[in-house]
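# Structure assessment
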Amino acid sequence: MTGATSMDPAPKTPRFSRILLKLSGEALMGEGKYGIHPPTLERVAREVADVHRLGVQVAAVIGGGNIFRGVAASATGMDRASADYMGMLATVINGLALQDALEEDGVPTRVQTAIEMSQLAEPYIRRRAVRHLEKGRVVIFVAGTGNPYFTTDTAASLRAAEIHAEVILKATKVDGVYSADPEKDATAIRFKSLSFLDVLKKDLKVMDSTAISMCRDNDLPIVIFDLHVAGNIQRVVLGEEIGTRIGKLRTERAAGRAAARG
C-alpha cells in the first residue's frame, strides 16, 4: 500500500522562497585560529544543501576574516584600500571552497565576483544571478561590493536588495543580539526582536551602520542566529523563532496592513 498515512510527518513548508545567507569567514575556521576547517566547511555546505532541497532559492555572501582582515591590516599602517582589496581576495578563496563543498553534495552552484577574474568565477551580473536562482542554483557572491571601505555586511545588504531576497540570514557565533557582550556581562539580555532604529540608536554591533540603513530603507529584515547549532539554518527558514529578528518579515507587514484595513 502506498500514499500518505496519518503516521507520515507533516510536510516542511519554508517560510521564505528566496534568502540571502551571510556567512563570516570565521564561520569556516571551526575551532582553529586561521584558514578553513574541512569538517566545518562540509557541515555548513550540508546545511545549505538541506535548505536548497526544500525548494528555497539560496544566495550567499561570505567574508574573508579567517584568511585576511583588511580593517585589522590598515590599523597596523597598511593603506586601507590595499588592505581591503586583499580582504576581498580572501572572500574569493572562501567562496570557491564553499562552491566545491556544495557541489560535492550534489548542489549546482555559481560563484559571482565583484572583481573580474574570469578564470575563477563569473562577473557579478544581477539578472544572471537571479536567473541562476530561478534555475535552482545556489549563488555565492564574493569580493564584497568590489570597493574598498565597504564591509561584507554592506555587500550582503546590497546583494539581497538587488536580487529581491525576502530576508538576510546572518549566521554568527552567538545565538542572537544582546544588550551587552554576554561573555563579559552576566546581566546581558538577548533581544527577540528589534527595529532598525533600535539597532542604530543603541549602537548594537549587529552589522555596520551602512548595512543596517540599507536594510531599513529597503524593508529588508534580518535574522541573527547561531551557526554552530546544527540545523539552525533550516529552522530559521521553516519559521522557528530562534535568534533575533531585526525589522518586520513580509508576512507580518501584510498582516498589519490587513488589520489596519479592518
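Scroll up to find the structure.
The structure contained in this document is the topic of the report that follows. Treat the numbers as computed from the prediction; the structure is a model and nothing was measured.

## With respect to the side chain of Glu122
Relative to the helices and strands, Glu122 resides in strand 4 (residues 122-123). Sequence-distant contacts of Glu122, that is, excluding residues within four places in its chain, are made with Arg110, Val111, Gln112, Thr113, Arg128 and His132.

## Here's the deal with the nonpolar core
Core analysis: the biggest nonpolar cluster contains 40 residues, and Ile19, Leu21, Leu23, Leu98, Leu102, Ile140 and Leu169 have the highest contact counts within it. Of all the secondary-structure elements, those providing two or more residues to this core are strand 1 (18-23), helix 1 (38-52), strand 2 (57-62), helix 3 (80-104), strand 5 (138-142), strand 6 (167-172), strand 10 (222-226) and helix 8 (232-237). Other than its neighbours up to four places away in sequence, Ile140 contacts Ala60, Ile62, Gly95, Leu98, Gln99, Leu102, Thr109, Arg110, Val111 and Gln112.

## Quick look at the pairing of strand 5
Counting buried positions along strand 5 yields 5 of 5 residues, so the element is predominantly enclosed. Along strand 5, one buried face is formed by Val138, Ile140 and Val142 and the opposite face, lined by Val139 and Phe141, is buried too. Relative to strand 5, strand 3 (residues 109-113) is paired through 5 bridges, and the arrangement is parallel. Pairing of Gln112 across the sheet is with Phe141, part of strand 5.

## Thoughts on the packing of helix 5 (residues 152-162) against helix 7 (residues 209-217)
Running from N to C, helix 5 and helix 7 point in directions that differ by 15°, and their axes come no closer than 8 Å. With respect to each other, helix 5 and helix 7 are oriented roughly parallel. The element helix 5 and its partner helix 7 pack so that their crossing is left-handed. Here helix 5 contributes Asp153, Thr154, Ser157 and Leu158 to the contact with helix 7, which in turn contributes Thr210, Ala211, Met214 and Cys215. Considering only residue class, the contact of helix 5 with helix 7 consists of 4 nonpolar, 3 polar and 1 charged.

## Notes on the pairing of strand 10
Counting buried residues along strand 10, 5 of its 5 residues qualify, which places the element largely inside the surrounding structure. As paired elements, strand 6 and strand 10 share 5 bridges and run parallel to each other. Pairing of Ala171 across the sheet is with Phe225, part of strand 10. Across 3 bridges, the pairing between strand 10 and strand 11 (residues 244-246) is antiparallel. Paired with Ile224 across the two strands is Thr244, which belongs to strand 11.

## Some points on the sheet that holds strand 9 (residues 193-194)
Taken in spatial order, the 9 strands line up as 4-3-5-2-1-6-10-11-9 in an open sheet, and their pairing is mixed. Each having just a single partner strand, strand 4 and strand 9 make up the two edges of the open sheet.

## Concerning the pattern of salt bridges
Per the stated rule, a full pass over the model turns up 13 salt bridges. In this structure, the salt-bridge partner of Arg69 is Glu26, at a minimum N-O distance of 2.7 Å. Taken together, the positions of Arg69 in the loop between strand 2 and helix 2 (70-75) and Glu26 in the loop between strand 1 and helix 1 put the pair 43 residues apart, joining distant regions of the chain. Since its relative accessible area comes to 30%, Glu26 is described here as partly exposed. The closest approach of N and O atoms between Arg216 and Asp217, which form a salt bridge, is 3.8 Å. A cluster of three or more residues bridged by salt bridges with shared partners is formed by Lys22, Asp153 and Lys170.

## What to know about a negative patch on the surface
A grouping of Glu42, Asp100, Glu103 and Glu104 is seen on the molecular surface, where their side chains present a negatively charged patch. For the negative patch, the leading source of residues is helix 3, giving 3 residues. Here Glu104 shows up in helix 3.

## A look at helix 4 (residues 126-134)
Within the sequence span of helix 4, burial applies to Ala129, Val130, His132 and Leu133. Take helix 4 and look down its axis: the buried residues cluster within an arc of 155°, on one side only. Packing partners of the buried residues in helix 4 comprise strand 1, strand 2, strand 3, strand 4 and strand 5. Looking one or two residues past helix 4, Gly136 carries a phi angle of roughly 90°, positive in sign.

## Looking at the packing of aromatic side chains
Considering all chains together, one arrives at 1 aromatic pair under this definition. When the ring centre of Tyr124 is taken as reference, the NZ or CZ atom of Arg159 above it lies at 3.7 Å.

## Section: the side chain of Thr91
Tracing the chain through its elements places Thr91 in helix 3. Those residues in contact with Thr91 that sit more than four places away from it in its chain are Ile62, Gly63, Gly64, Val142, Ala143, Gly144 and Thr152.

Criteria and thresholds
Residues numbered from 1 in each chain as written. Predicted model: local features only at pLDDT ≥ 70, side-chain atom pairs only at ≥ 80, totals over all residues. Heavy atoms only, no water. Helix = DSSP H or I, 4+ residues; strand = E, 2+ residues; numbered from the N terminus. Contact = heavy atoms within 4.5 Å. Core = buried A, V, L, I, M, F, W, Y, C linked by side-chain atoms within 4.5 Å. Buried < 20%, exposed > 50% of the residue type's maximum accessible area, 1.4 Å probe, protein only. Pairing = 2+ DSSP bridges. Axes fitted to C-alpha atoms, helices over the stretch in contact; angles between N-to-C directions. Parallel < 35°, antiparallel > 145°, perpendicular 65-115°, else oblique. Left-handed = near helix turned anticlockwise from the far one by under 90°. Nonpolar A, V, L, I, M, F, W, Y, C, P; charged D, E, K, R; others polar. Salt bridge = Lys/Arg side-chain N within 4 Å of Asp/Glu carboxyl O. Patch = residues over 30% accessible without salt bridge, like charges linked within 9 Å, V, L, I, M, F, W, Y side chains within 5 Å. Areas by Shrake-Rupley, 256 points an atom, 1.4 Å probe, with all protein chains shown as cover. Lys, Arg positive; Asp, Glu negative; His and termini not counted. Charge placed at Lys NZ, Arg CZ, Asp CG, Glu CD. Arc of directions from axis to C-beta. Phe/Tyr/Trp six-rings, centres within 6.5 Å; stacked < 30°, edge-to-face > 60°. Lys NZ or Arg CZ within 6 Å of the ring centre and 35° of its normal.

Everything listed here is a matter of coordinates, which is why it stays silent on function.
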